[in-house]
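Close look at the chain arrangement
The chain contents come next:
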Amino acid sequence: MSEAQCSGTLPLLRPRECDPSWSSHAQAVAAFRWQVPPRFNMAWAVCGRHAANPATAEKPALIYSHHSGREVTFSFGQLHQGACRLAAALRSRGIVAGDRIAVLLPQRPETALAHLAAYQLGAIAVPLTTLFRHDALHYRLADSGAKALVLEEESLPLLDSVLADLPALQVLLVVRADGAAGTPPPSLHGRQPEDFWSAVESAPDSLTPLPTGADDPALLIYTSGTTGDPKGALHAHRVLLGHLPGFELSHNFSPQPGDCFYSPAEWAWIGGLLDVLMPAWYHGLPVVAWQGQGAFDPEHCYHLLARHGVRNAFIPPTALRMMAQVPQVRERFQLKLRTLMSGGEALGQATLAWATETLGVGVNEIYGQTEVNYVVGNCQPLWPVRPGSMGLSYPGHSVAVVNDAGQPLPPGTMGEVAVQRGEDPVFFLEYWGNLQATEEKYAGDWALTGDLAVQDEEGYLWFKGRKDDVIISAGHRIGPTEIEGVLNRHPAVALSAVIGVPDELRGQIVKGFICLAPAYAPSEALKQELQTFVKDSLARHEYPRAIEFRDKLPLTTTGKIRRVDLRLLEAAHHQEGDG
């Protein structure tokens with residue numbers, strides 16, 4: 001079978017956005033200029049052009065490790081060939097530009113191939129975490145109108161539970177656990193799933209990628225809603241370019257010889273996908289992928305970093321705090337880390353000091369959110385890290401603390417962190433099918449993050465909390481509305497409210513306040529039943545780790561939950577406990 005041919009003539013930018021000769025933040029900001037061409041395609045930028053160059057086609061791109069012990073390395077040429085065939089297979093099944101392709105997979109080669117194929121077709125990739133259960137998966141597949149879905153065979157029972165109500169979802173490609181071709185699974189609700197690799201291997205042997213514009217949609221990532229359903233943040237191909245300054249500077253002027261990246265962050269989230277995988281590949285650098293079982297294992301993370309000589313890592317604060325509990329790290333593991341980036345929640349001075357001492361590398365914290373990501377952070381060669389600070393704005397991103405009218409506030413005044421749109425390519429296009437929410441995201445030209453902070457005289461930002469009800473737990477941003485909706489469906493629950501409460505390991509955990517229906521009484525067994533009910537409906541990271549039964553909940557005059565009162569109550573209890 002001949003190799004699938006994908007040619008590309010789309011323009012590219014300079015190999016790196018940031019100049020290693022810069023000596024200060026001020027110089028970097030003054031010198032930086034965005035270069036966004038009219039035509040740009042992420043698949044060609046991160047893989048196709050490397051595969052087309054004989055000097056880079058055989059370079060390792062993905063080093064994949066499976067919990068069974070299986071390890072496979074894929075070159076840029078191999079990934080490009082697989083992505084071209086997958087794109088041709090999807091096109092032959094009716095997928096065209098603008099169609100949504102959902103990807104319900106962990107860190108594995110097929111996840112990356114699905115993204116690359118979607119971008120080649122001008123389709124829109126919809127990454128979904130395998131943590132999602134029935135309600136969470138159904139909502140996102142239905143809201144996006146996904147026409148195709150790529151998933152592991154172990155997710156077929158979950159798909160079976162939602163597929164009947166998803167008439168638009170017609171193309172189902174199933175990945176076997178061992179990554180080999182096999183027989184197709186049985187039909188589901190009148191639709192026939194197909195084996196992923198069989199479809200790829202039998203695909204047409206040629207494909208002409210769509211010459212996408214930089215502003216054409218490419219990626220739809222759902223972020224938790226605070227007062228309603230989750231919202232889909234729609235990104236254009238140019239979003240990759242917007243991530244490059246933060247990526248290069250948070251890794252101390254990557255690319256450097258020998259750089260090799262790893263992150264436990266799922267590629268279903270913007271952090272794993274656009275903070276690590278895509279920008280590393282843009283620079284032709286290898287990425288280590290690990291498909292484990294269950295929760296993050298700090299001991300195994302050390303083994304993985306040492307075995308593959310990882311030089312650059314993005315490890316969220318909660319994972320770092322877990323890694324800090326492993327004894328004799330320096331004696332047991334031969335680490336080769338050059339850079340360490342962290343973000344998603346506050347790191348804390350103790351963890352920062354531990355990483356510097358034990359791992360032998362300073363931590364560059366970064367800040368962003370799904371809609372406008374990787375805009376603030378640190379770069380130790382250019383500016384000093386101030387423990388507890390979010391850092392400075394990266395070149396190309398204009399960040400300020402503003403009031404409700406979108407007017408920048410003077411240093412030392414608390415307000416909302418906002419990012420000025422201008423020509424910045426990192427900005428999302430819109431919330432999918434939600435014009436009102438898109439408009440409410442902005443105050444003039446400023447995108448409002450919902451995070452409260454103070455900016456000092458030198459531009460460092462200091463996080464103070466959330467303006468809305470979002471819960472930040474182990475780096476996940478969790479909206480309370482979905483959880484309350486599930487709890488309120490349980491026959492034992494008359495009314496529920498959900499907030500985040502402090503937790504030493506995760507920063508915050510989800511706590512549920514429950515008013516019981518008349519026939520029910522509080523018990524530990526009922527708490528566990530409600531927790532399992534949420535786990536099975538939404539996701540394992542969203543269930544309430546703490547539950548308190550109450551006779552009544554604080555309400556507004558119109559009957560809405562006053563979560564702010566519950567947060568104040570919890571803060572008072574927390575303070576009393578500290579005292």
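The present account deals with the structure reproduced in this document. (Residues numbered from 1 in each chain as written. Predicted model: local features only at pLDDT ≥ 70, side-chain atom pairs only at ≥ 80, totals over all residues. Heavy atoms only, no water.)

Here we take up the packing of aromatic side chains. Between two aromatic rings, the relevant description is the distance of the centres plus the angle of the planes. Evaluated as defined, the whole model comprises 12 aromatic pairs. Ring centres of F76 and W281 lie 6.4 Å apart, and the angle between their planes is 75°; this geometry places the pair in the edge-to-face category. With F76 in helix α3 (residues 76–92) and W281 in helix α9 (residues 270–282), this pair connects stretches of sequence that are 205 residues apart. Of the two residues, F76 and W281, both sit in the buried class. On the basis of an interplanar angle of 80° and a centroid distance of 6.4 Å, the ring pair of Y139 and Y222 is categorised as edge-to-face. (Phe/Tyr/Trp six-rings, centres within 6.5 Å; stacked < 30°, edge-to-face > 60°. Helix = DSSP H or I, 4+ residues; strand = E, 2+ residues; numbered from the N terminus. Buried < 20%, exposed > 50% of the residue type's maximum accessible area, 1.4 Å probe, protein only.)

The next subject is the packing of α3 against helix α4 (residues 109–121). For the pair α3 and α4, the least separation of the axes is 8 Å and the interaxial angle reads 60°. As summarised for this structure, α3 and α4 are arranged oblique, according to the angle between their axes. The handedness of the crossing between α3 and α4 is right-handed. Here α3 contributes L79, H80, G82, A83, C84, L86, A87, L90 and R91 to the contact with α4, which in turn contributes L113, A114, L116, A117, Q120 and L121. Grouping the constituent residues of the contact of α3 with α4 by class yields 11 nonpolar, three polar and one charged. (Axes fitted to C-alpha atoms, helices over the stretch in contact; angles between N-to-C directions. Parallel < 35°, antiparallel > 145°, perpendicular 65-115°, else oblique. Left-handed = near helix turned anticlockwise from the far one by under 90°. Contact = heavy atoms within 4.5 Å. Nonpolar A, V, L, I, M, F, W, Y, C, P; charged D, E, K, R; others polar.)

It is worth spelling out unusual backbone geometry at this point. With omega at 10°, the peptide bond leading from S254 into P255 counts as cis. If you trace the backbone, P255 turns up in the loop between α8 (239–250) and β12 (261–262). With phi around 50°, H189 is a residue other than glycine that occupies positive phi space. Judged by relative accessible area, H189 falls into the partly exposed class, the value being 43%. Notably, Q328 is not glycine yet its phi reads approximately 50°, a positive angle.

Applying the stated criterion across every chain yields a total of 22 salt bridges. Salt-bridge contacts for R307 lead to E71; the nearest nitrogen and oxygen are separated by 3.0 Å. Taken together, the residues R307 in helix α10 (residues 298–307) and E71 in strand β3 (residues 71–75) connect sequence positions 236 residues apart. (Salt bridge = Lys/Arg side-chain N within 4 Å of Asp/Glu carboxyl O.)

End to end, α3 covers 24 Å across 17 residues, agreeing with the expected 24 Å (1.5 Å per residue, within 8%). For α3, the tally of buried residues reaches 13 of 17 residues, placing the bulk of the element in the interior. With its phi angle positive at about 95°, G94 sits one or two positions after the end of α3. (Expected span 1.5 Å × (residues − 1).)

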